[in-house]
Amino acid sequence: MTRAIYPGSFDPVTYGHLDIIKRSSTMFDQVIVGVLNNSAKNPLFSAKERVDMLKKATEELVNVEVICFDGLLIDYMKQNDISVIVRGLRAITDFEYELQIAQSNRKVSKETVDTVFLTTSIEYAYLSSSIVREYASYGTDVSDFVPEFVVEKLKKCFRISEA
Ligand code: PNS
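Residues numbered from 1 in each chain as written. Predicted model: local features only at pLDDT ≥ 70, side-chain atom pairs only at ≥ 80, totals over all residues. Heavy atoms only, no water.

Draft legend 1. Representation of helix α5 (residues 129–137). Taken residue by residue, α5 has Ser129, Val132 and Ala136 as its buried positions. Seen from one end, α5 has its buried residues packed into an arc of 60°, which puts them on one side. For α5, the secondary structure elements touched by its buried residues are α1 (15–25) and α6 (148–157). One or two residues past the end of α5 sits Gly139, with phi positive at roughly 80°. (Buried < 20%, exposed > 50% of the residue type's maximum accessible area, 1.4 Å probe, protein only. Helix = DSSP H or I, 4+ residues; strand = E, 2+ residues; numbered from the N terminus. Arc of directions from axis to C-beta. Contact = heavy atoms within 4.5 Å.)

Here it is as structure tokens:
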């Protein structure tokens, strides 16, 4: 049984993340979506809110579980018998950073973990949580980027009421 983890900030979850989660859920026995609880990043949504949004967005995927972790990813993986990290690659600009993390995680874990990269579906190649936050903060409609209940959460966050 291969357990994989898809780690990230998910602040908030986007259709790009959901695309990677759906596709990886067909490739592994179990996919754990790992929400990083890192206050240093000063997220818009709390870790609990990010976990709850992801749970709602993935409720139909039976082999997907959403958890929150802090500390080193490879420590969480070791403690929970997870051997594969899933990451999405949007463009060449992602590659250098992702390659560095993948290689260091492999080295530090003494080669017990590997990273599998999925290329983001082309329709989400430009998409990121920070772009969503930026547009939403100006009241722009982001319903092409995130599920409707996330749109509503963003509106509340930025106190934007319906015109
Ligand atoms: O969505 P993000 O912010 O690009 O995700 C980055 C993440 C969570 C994958 C990365 O920061 C991470 O794994 N953090 C946990 C701490 C850790 O293991 N650090 C060592 C490698 S950077």
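Draft legend 2. Main features of the site of the ligand. Close to the ligand lie Pro7, Gly8, Ser9, Leu36, Lys41, Phe69, Gly71, Leu72, Leu73, Arg87 and Ile101. Between Leu73 and the ligand, the recorded distance is 2.8 Å, taken from a backbone N or O atom to an oxygen atom. In this structure, Arg87 approaches the ligand through a side-chain N or O atom, which is 3.0 Å from an oxygen atom. About the coverage of the ligand: the protein hides 73% of its 530 Å² of free accessible area. (Near = heavy atom within 4 Å. Polar contact = N/O pair within 3.5 Å; in protein donor to acceptor, adjacent residues only side chain to side chain. Areas by Shrake-Rupley, 256 points an atom, 1.4 Å probe, with all protein chains shown as cover.)

Draft legend 3. Here's a closer look at the sheet that holds strand β3 (residues 64–69). Within the open sheet, the 5 strands sit side by side as β3-β2-β1-β4-β5. Their pairing is parallel. Only two strands of the sheet have a single neighbouring strand rather than two, namely β3 and β5 (114–119). Geometrically, the sheet is characterised by an average inter-axis angle of 30° between neighbouring strands, direction not taken into account. Sheet topology places strand β1 (residues 3–8) next to strand β4 (residues 84–89); 2 bridges connect them, and they run parallel. Across the sheet, residue Ile5 finds its bridge partner in β4, namely Ile85. Lying on the sheet, α1 is in contact with β1, β2 (30–36), β3, β4 and β5; it crosses β5 at an angle near 120°. Packing of helix α4 (residues 92–108) onto the sheet brings it into contact with β4 and β5, and relative to β4 it is tilted by some 175°. (Pairing = 2+ DSSP bridges. Axes fitted to C-alpha atoms, helices over the stretch in contact; angles between N-to-C directions.)

Draft legend 4. Molecular detail of the packing of helix α2 (residues 47–57) against α6. Interhelical geometry of α2 versus α6 gives an angle of 155° and a closest axis separation of 10 Å. As the angle between them shows, α2 and α6 are arranged roughly antiparallel. Residues Glu49, Met53, Lys56 and Ala57 of α2 touch α6, and the partners they reach there are Phe149, Val150 and Lys153. (Parallel < 35°, antiparallel > 145°, perpendicular 65-115°, else oblique.)

Draft legend 5. Representation of the nonpolar core in the model. Grouped together as the largest cluster of nonpolar side chains are 30 residues, with contacts concentrated most on Leu54, Val142, Val146 and Leu154. Of all the secondary-structure elements, those providing two or more residues to this core are β1, α1, β2, α2, β3, β4, α5 and α6. When neighbours within four sequence positions are excluded, Val142 is seen to be in contact with Val132, Tyr135, Ala136, Val151 and Leu154. Listed in part, the 11 residues of the second largest apolar core include Ile67, Phe69, Met77 and Val113. (Core = buried A, V, L, I, M, F, W, Y, C linked by side-chain atoms within 4.5 Å.)

Draft legend 6. Representation of unusual backbone geometry. Following Asp11, the chain continues into Pro12 via a peptide bond in cis, with omega recorded as 5°. Take Pro12: it is sitting in the loop between β1 and α1. If you check the backbone angles, Lys110 has positive phi at about 55° while not being a glycine. Relative to the assigned elements, Lys110 resides in the loop between α4 and β5. Given the relative accessible area of 70%, Lys110 is considered exposed.

Draft legend 7. Structural context of the pattern of salt bridges. Under the definition given, this model contains 9 salt bridges. Put simply, Asp11 and Arg133 hold a salt bridge, and the shortest N to O gap is 3.7 Å. Here Asp11 is found in the loop between β1 and α1, whereas its partner Arg133 is found in helix α5, with 122 residues between them in sequence. Note that Arg87 is salt-bridged to Glu98, the shortest N-O span being 2.7 Å. Residue Arg87 is found in strand β4, and its partner Glu98 is found in helix α4; the two are separated by 11 residues along the sequence. Overall, Arg87 belongs to the partly exposed group, its relative accessible area being 22%. (Salt bridge = Lys/Arg side-chain N within 4 Å of Asp/Glu carboxyl O.)

Everything listed here is a matter of coordinates, which is why it stays silent on function.
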